[in-house]
Amino acid sequence: MITSRWKQATRHVFMIIFSLIMIYPVIWWIGAAFKTNADLSSPNLFPKQWQWSNFTDGWKSIPGHSFTDFYINTFGLELAVLVTTLASCSLVAFGFGRLDFPLKNLWFSMLMMTMMLPGQVLIIPQYAMFHQFGWINTYWPFIVPHALAAGAGGTFFVFLLIQFVRGLPKELDEAAKIDGCSWWGIYWRVVLPLTKPALVTVTIFCFLWNWDDFLGHLLYINSVDKYTVGLALRMINDSQSGLQWGQLLAMSLVSIVPATIVFSFLQKYFVEGIATTGIKG
Amino acid sequence: MNRTANAASNTGAPLAPPIKKRGSWLKRWDAPIAGYLFISPWIIGFFGLTLYPMLLSLYYSFTNYTLMEDIKWVGFKNYDRIIMHDDKFLQSIKVTFLFVLGSVPLKLIAALLVAIVLNRAVRGISFYRTAIYFPSLIGGSIAVSLLWRNIFGVDGFFNKMLASIGIDAPGWITNPHTALWSLIMLSVWQFGSSMVIFLAGLKQIPADLYEASSVDGANKFTQFWKVTLPMLSPTIYFNLIMGVINAFQMFTSAYVITNGGPMNSTYVYALYLYERAFGRYQLGYASALAWIMLVMIVIVAVLISWSSKYWVFYENDTGRGKRK
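So, how was this worked out
- Going along each chain's sequence as written, the residues are numbered from 1 onward.
- Chains and ligands are labelled by the order in which they are written, letters from A for the one and numbers from 1 for the other.
- Given that the model is predicted, a residue must reach a pLDDT of at least 70 before its local features are reported, and side-chain atom pairs must reach 80 or more before they are shown or counted; all residues, however, enter totals for whole chains, interfaces and linings.
- The side-chain values count all of the structure's non-hydrogen atoms but skip hydrogen atoms and water molecules.
- Runs of E in the DSSP output that reach at least two residues are strands. Runs of H or I that reach at least four are helices, and both are numbered from the N terminus.
- Between the two quantities, the radius of gyration covers C-alpha atoms and the globule rule is 2.2 Å times the number of residues to the power 0.38.
- Burial classes: relative accessible area under 20% of the type maximum marks a residue as buried, over 50% as exposed, and values in between as partly exposed (1.4 Å probe, protein chains only).
- Contacts were defined at the residue level, with two residues in contact if any of their heavy atoms lie within 4.5 Å.
- Salt bridges are identified by distance alone: a Lys or Arg side-chain nitrogen within 4 Å of an Asp or Glu carboxyl oxygen.
- Each Phe, Tyr or Trp ring, with Trp reduced to its six-membered ring, pairs with another whose centre is within 6.5 Å; inter-plane angles below 30 degrees give stacked pairs, above 60 give edge-to-face pairs, and intermediate values give tilted ones.
- By definition, being over a ring means that NZ of Lys or CZ of Arg is both within 6 Å of the ring centre and within 35 degrees of the ring normal.
- Buried area, as used here, totals the accessible surface that two parts lose on assembly, with accessibility defined by a 1.4 Å probe and the loss added over both.
- A 3.5 Å cut-off defines polar contacts: any pair of N or O atoms within that distance qualifies, except that in protein one atom must be a possible hydrogen donor and the other a possible acceptor, and neighbouring residues in sequence count only when both atoms are side-chain atoms.
- Residues were grouped as follows: Ala, Val, Leu, Ile, Met, Phe, Trp, Tyr, Cys and Pro as nonpolar; Asp, Glu, Lys and Arg as charged; and all remaining residues, including Gly, as polar.
- Between N-to-C directions, angles cover 0 to 180 degrees, with each direction set by a line fitted to C-alpha atoms, over the stretch in contact for helices.
- Here is the rule for angles: anything less than 35 degrees is roughly parallel, anything more than 145 is roughly antiparallel, 65 through 115 is roughly perpendicular, and the remaining ranges are oblique.
- By convention the crossing between two helices is left-handed if the near helix lies anticlockwise of the far one by an angle smaller than a right angle, and right-handed if it lies clockwise.

### A look at the overall build of chain A
Broken down by element type, chain A carries 15 helices and zero strands. Rg of the C-alpha trace for chain A: 23 Å, well past the compact-globule value of 19 Å for 281 residues, more than 25% over. The principal-axis extents of the C-alpha atoms in chain A amount to approximately 75 × 70 × 35 Å. Here chain A holds 281 residues, and the buried ones make up 54% of them. Restricting to contacts in chain A with at least 6 residues of sequence separation, those with at least 24 account for 70%.

### Description of unusual backbone geometry
Not every positive phi belongs to a glycine, and leucine 103 of chain A is a case in point at roughly 65 degrees. Mapped onto the fold, leucine 103 of chain A is located in the loop between helix H3 (67-98) and helix H4 (104-116). Classification of leucine 103 of chain A as exposed rests on a relative accessible area of 52%. Phi is positive for tyrosine 281 of chain B, which is not a glycine, with a value near 55 degrees. Inspection of the secondary structure puts tyrosine 281 of chain B in the loop between helix H14 (269-279) and helix H15 (283-311). The exposure class of tyrosine 281 of chain B is partly exposed, given its relative accessible area of 27%.

### Focus on the pattern of salt bridges
Between side chains of opposite charge, a pair can form when the charged atoms approach closely. Residue and element names in this part refer to chain B. Summed over the entire model, instances satisfying the criterion amount to six salt bridges over all chains. For lysine 88, the salt bridge identified is with glutamate 275, shortest N-O distance 3.8 Å. Of this pair, lysine 88 sits in helix H5 (residues 87-120) while glutamate 275 sits in helix H14; the two residues are 187 residues apart in sequence, bridging distant segments of the chain. Judged by relative accessible area, which is 24%, glutamate 275 ranks as partly exposed.

### Here's the deal with the packing of aromatic side chains
Tallied over the full model, the rule gives 68 aromatic pairs over all chains. Considering the side-chain rings of phenylalanine 156 of chain A and tryptophan 209 of chain A, the 6.4 Å spacing of their centres and the 50 degrees angle between planes classify their relative orientation as tilted. Of this pair, phenylalanine 156 of chain A sits in helix H7 (residues 154-166) while tryptophan 209 of chain A sits in helix H10 (residues 196-211); the two residues are 53 residues apart in sequence, bridging distant segments of the chain. The same class applies to phenylalanine 156 of chain A as to tryptophan 209 of chain A, namely buried. Between phenylalanine 152 of chain B and tryptophan 172 of chain B, the ring centres sit 6.5 Å apart and the planes meet at 85 degrees, which makes this aromatic pair edge-to-face. With phenylalanine 152 of chain B in the loop between helix H7 (142-151) and helix H8 (157-164) and tryptophan 172 of chain B in the loop between H8 and helix H9 (179-189), this residue pair connects regions lying 20 residues apart in the sequence. An identical accessibility class is assigned to phenylalanine 152 of chain B and tryptophan 172 of chain B; each is buried. Chaining the aromatic ring pairs together yields one cluster made of Tyr127, Phe130, Phe133, Trp135, Phe142, Phe214 and Tyr220 of chain A together with Phe251, Tyr255, Tyr274 and Phe278 of chain B. The side chain of lysine 104 of chain A reaches across the aromatic face of phenylalanine 101 of chain A, ending 5.9 Å from its centre.

### With respect to the interface of chain B and chain A
Listed as interface residues are 92 residues of chain B and, on the opposing side, 92 residues of chain A. Summing both partners gives a buried area of about 8,400 Å² for chain B against chain A, and 77% of it is carried by carbon and sulfur. Looking only at chain B, the three residues that lose the most surface to chain A are Phe38, Trp42 and Leu49 of chain B, adding up to 11% of its buried area. Between chain B and chain A we count zero salt bridges in total. Seen at the junction of chain B and chain A, the total is nine residue pairs in polar contact (both at pLDDT 80 or more). Looking at the side of chain B that touches chain A element by element, the count peaks at 24 residues for helix H3 (residues 24-60) of chain B. Of the residues that constitute the side of chain B that touches chain A, the class distribution is 67 nonpolar, 17 polar and eight charged.

### Some details on the packing of H3 of chain A against helix H6 (residues 140-147) of chain A
Residues and elements named next belong to chain A. Relative orientation of the contacting elements H3 and H6 amounts to 15 degrees, with a least axis distance of 7 Å. Compared by their axis directions, H3 and H6 come out roughly parallel. As H3 runs across H6, the sense of the crossing is right-handed. For the pair H3 and H6, contact is made by Leu77, Ala80, Val81, Thr84, Thr85 and Ser88 and by Phe142, Ile143, His146 and Ala147, respectively. Split by residue class, the contact of H3 with H6 holds six nonpolar, four polar and no charged.

Put into structure tokens, the structure is as follows:
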């Protein structure tokens, strides 16, 4: 009895120390966001003097713009991408999960293959295509692929939703069909409401991946007034003359707040989403 | 069931015959047509945004395409130049393989070991899981890359820590020998998502296997090798394949933290591809680079899946599965 309790205690001590090591850089980050440039190179966790101006000055550190604009841009883009992703992926998943049609297995294996396809093979030809369409420096290169279930992680989401739809009892469809429901009605009134938990998972990951889709933003968005938060951070970082590290770290810290909020409220869906599909977080 | 009965009684007539009569061809084609309508967004996307671009990029790789000038077919010249005469290509291959070999195994080992400890510590599991998962949540962002750039700088926090315990360390990201390691550490720091997958896999292992093996006199160490690892091997396999594919494409941290330097020691393949394609707009040459990368990833993935028959254990291969 006593030995097993000791074992349990050692395990907890180990886990606590380990967890602290893992989040130590983040704790340091929070302190550093309030430090002056001179104070930054001290190993102290927290600043000698709390420099709130890092946040207020950092917010306006790009001349002519403030981070308010960049957050509005980013959230606008996120909203468009989320709506199109949820619509397209749930439609496709319903088709695969509930209907029988010729060549279904062939299409499904194609879907699985595109899931494994390294995205970087597609970057250059897609860029060339969108360039021809005149979509450079617009948000269309993000919205259109998501509307066709082909954006960042699109096939992953379709796969996740197919698995979920297949798990719903088929009797519901049949009952609805006998009541005179069309396929659309079954999708909209029966399946979609029941798919809500999986849709939340899709929303979370779609939000995160687009927030972090730095390469995509870097390629397609050129003018500062359309910049996303990530591009704005890079712009401060690139202004070599007298880089204000405190301001940069403060603004970086603010930029992970949305993801943190989403995570803390919807942790259950996160863990389930990762565990059931092996999605990378 | 009740609703079915209601529907039948409302119409006041037997339900089946009228529907059968009304357009039997429509009934027969109803599901296929609806099916294709429902999956049409993906089909359009598959042809327009995946298959066609892939063929397009294969075509570009045999041209001197630059976005500005007319396209000219150059045959295998791009591939020839890349493989025979391009030092940066060789350097970026070397760096990318070092990164994959360094980050993927470390990440998986850390994820596996911590998952096993965490699986036993029942109380407080959600707190630990949150703390360990958090780096994965934010790690892909440019914000964390900037943080890393500061922490591992010459005057960075990490060196100050080492100095306070008497170690005089170089500037991690300015020294060609250590710069790649600071990127590998950033990647390993994000082992949390693999760990969550392992935790789910560990929960699937039936407890009676452990009981049976301890009755047979196996200690914890033997149980790990003979029960946990084989039962978890499909999950390890999945994590390995996805980890390798992702590691090959690493871009953001190399771009932001070191931008390939110092002395090209962190010049990963994706960075080289980006520079050729969007720094110099040599889209033809870069397309050839992209196809070489795809072929490399496919070869590595095929090798891993070929090796899997020697080390991945599927339950239904054994008597245990058949007995059910």
